[in-house]
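Per-entry structural report
The lines below spell out each chain.
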Amino acid sequence: MPSSTALTSRLASHRFPSIGALALGFALAGCSDNGPAPAASIALSPSSVSLSPSTTTAQVTATVRDGKGNTLGGSTVSWLSSAPSVATVTATGTSATITAVGSGSTTVTATSGGVSAPVQVQVLGVRSVVVTPVNASIRVGDAQTLTAAVNADAGLSTTVVWASDNPAIASVSTSGVVTGVSVGTATVRATSSADSRFSATATVVVSAQRSVTVAPTTVSIVAGDVRTLVPTVRMDAGLSTAVTWRTSAAGIATVSATGVVTGVSNGIAVITAVAVADTLVRATAAVTVLPSIRAVTVTPP
């Protein structure tokens, strides 16, 4: 059995941890066990978004998890759009609202700690509306069809809504047929059905209807007799209102430059008044030449 002196020497030579070292170790162990685990992954729902003029916003939620797959509540998440001109993002914690700004694609990224996850955003949109022709001239009572071409992403409507700023001058149908109502100028607009921010216009000038009428329209005379026809001409301001005269059968009835008809022989002739300013505008009168009675003989019974 060792002596008390030897035992004391052995205890003195053996190194035991100090009280301070033990306390520090316990403190570090406590911090390791109770501190928040680092973020290992972010899951976004949904992971892709499609927006359009009729659906301009979308909600996205981020779920942050640690390396063991446990959800980390209260995590701080930052959000960023790579193209704010296409879509912007506003967020409150793990929830974000993506708002369409213009057509195109962008990526919205959610980041927490050292990890991040993307949301692919596609914004469908209308790019332009073109109306053809951009200028139209019609007459009262006449019609002309306008066409509209809409440049839009696939999946969006390419129809338009037609409207006239002055239907009392020019009206327009749902299919783009413009009708002159009265003299003046109107603007006809085609607006995209998918996005009313896009439209195009055409300027429509309505002028008076050109016409020629002849009075009377029927004449009965005998050979050698005359009758004057009177023309009425409606033309654009500044254009001639004169007419030229024609006969379909000079052997039956002739007509002078002033519209005087002379019966020549039995039959029917058509006299035509043609507008000098527009030879497509004309009117006619039917002239019947009857046989003349030169003498009447009465024979007594």
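Residues numbered from 1 in each chain as written. Predicted model: local features only at pLDDT ≥ 70, side-chain atom pairs only at ≥ 80, totals over all residues. Heavy atoms only, no water.

1. Observations concerning the pattern of salt bridges
It is possible for side chains bearing opposite charge to pair when their charged atoms get close. Rules: The salt bridge criterion pairs a side-chain nitrogen of Lys or Arg with a carboxyl oxygen of Asp or Glu, the two atoms within 4 Å. Secondary structure elements follow DSSP: runs of H or I no shorter than four residues count as helices, runs of E no shorter than two count as strands, and numbering proceeds from the N terminus. Each residue is placed in one exposure class: buried if its accessible area under a 1.4 Å probe, protein chains only, is under 20% of its type's maximum, exposed if it is over 50%, and partly exposed if it falls in between.
Per the counting criterion, the structure on display carries 5 salt bridges. For the salt bridge of Asp153 with Arg127, the shortest nitrogen-to-oxygen distance reads 2.6 Å. Note that Asp153 is positioned in the loop between strand S12 (147–152) and strand S13 (160–164) and Arg127 in strand S9 (residues 126–132), a separation of 26 residues in sequence. Taking the relative accessible area as the measure of exposure, Arg127 reaches 42% and is therefore partly exposed.

2. With respect to the sheet that holds strand S3 (residues 57–65)
Strand pairs in the sheet, formed through backbone hydrogen bonds, run parallel or antiparallel to each other. Note the threshold: Here the rule is simple: two strands pair whenever DSSP picks up at least two bridges between them. Note on geometry: axes are lines fitted to C-alpha atoms, helical ones only across the stretch in contact, with angles between N-to-C directions running from 0 to 180 degrees.
Spatially, S1-S3-S6-S5 is the arrangement adopted by the 4 strands of the open sheet, whose pairing is antiparallel. Unpaired on one side and paired on the other, strand S1 (41–45) and strand S5 (87–92) mark the two borders of the sheet. Neighbour-to-neighbour, the strand axes of the sheet open up by a mean angle of 25 degrees, direction not taken into account. As judged from the 5 bridges shared by S3 and strand S6 (residues 95–100), these two strands associate in the antiparallel manner. Directly across from Gln59, in S6, lies its bridge partner Thr97.

3. Looking at the sheet that holds strand S25 (residues 267–275)
Within the open sheet, the 4 strands sit side by side as S19-S26-S25-S22. Their pairing is mixed. Looking at which strands have only one partner, the edges of the open sheet turn out to be strand S19 (218–222) and strand S22 (243–247). Mean inter-strand twist for the sheet, computed between neighbouring axes without regard to direction, equals 25 degrees. In this structure, S22 lies alongside S25, joined through 5 bridges in antiparallel fashion. Bridging from a neighbouring strand, Trp245 pairs with Ala273 of S25.

4. Points about unusual backbone geometry
That bond from Ser45 to Pro46 is cis: its omega, -5 degrees, falls within 30 degrees of zero. Position of Pro46 among the secondary structure elements: in the loop between S1 and strand S2 (48–51). Here Ala215 and Pro216 are connected by a cis peptide whose omega angle stands at -5 degrees. Examined against the element boundaries, Pro216 turns out to sit in the loop between strand S18 (211–215) and S19.

5. Examining the confidence of the model for the protein
How we decide: Each residue carries a pLDDT score, the predictor's own confidence in it, on a scale running from 0 to 100. The contact criterion used throughout is that any non-hydrogen atoms of two residues lie within 4.5 Å.
For the protein, the average pLDDT comes to 88, and 86% of its residues sit at 70 or higher. Predicted confidence is poor over residues 1–33, with pLDDT under 50, and the contacts of this stretch with residues over four places away or in other chains come to 1 contact.

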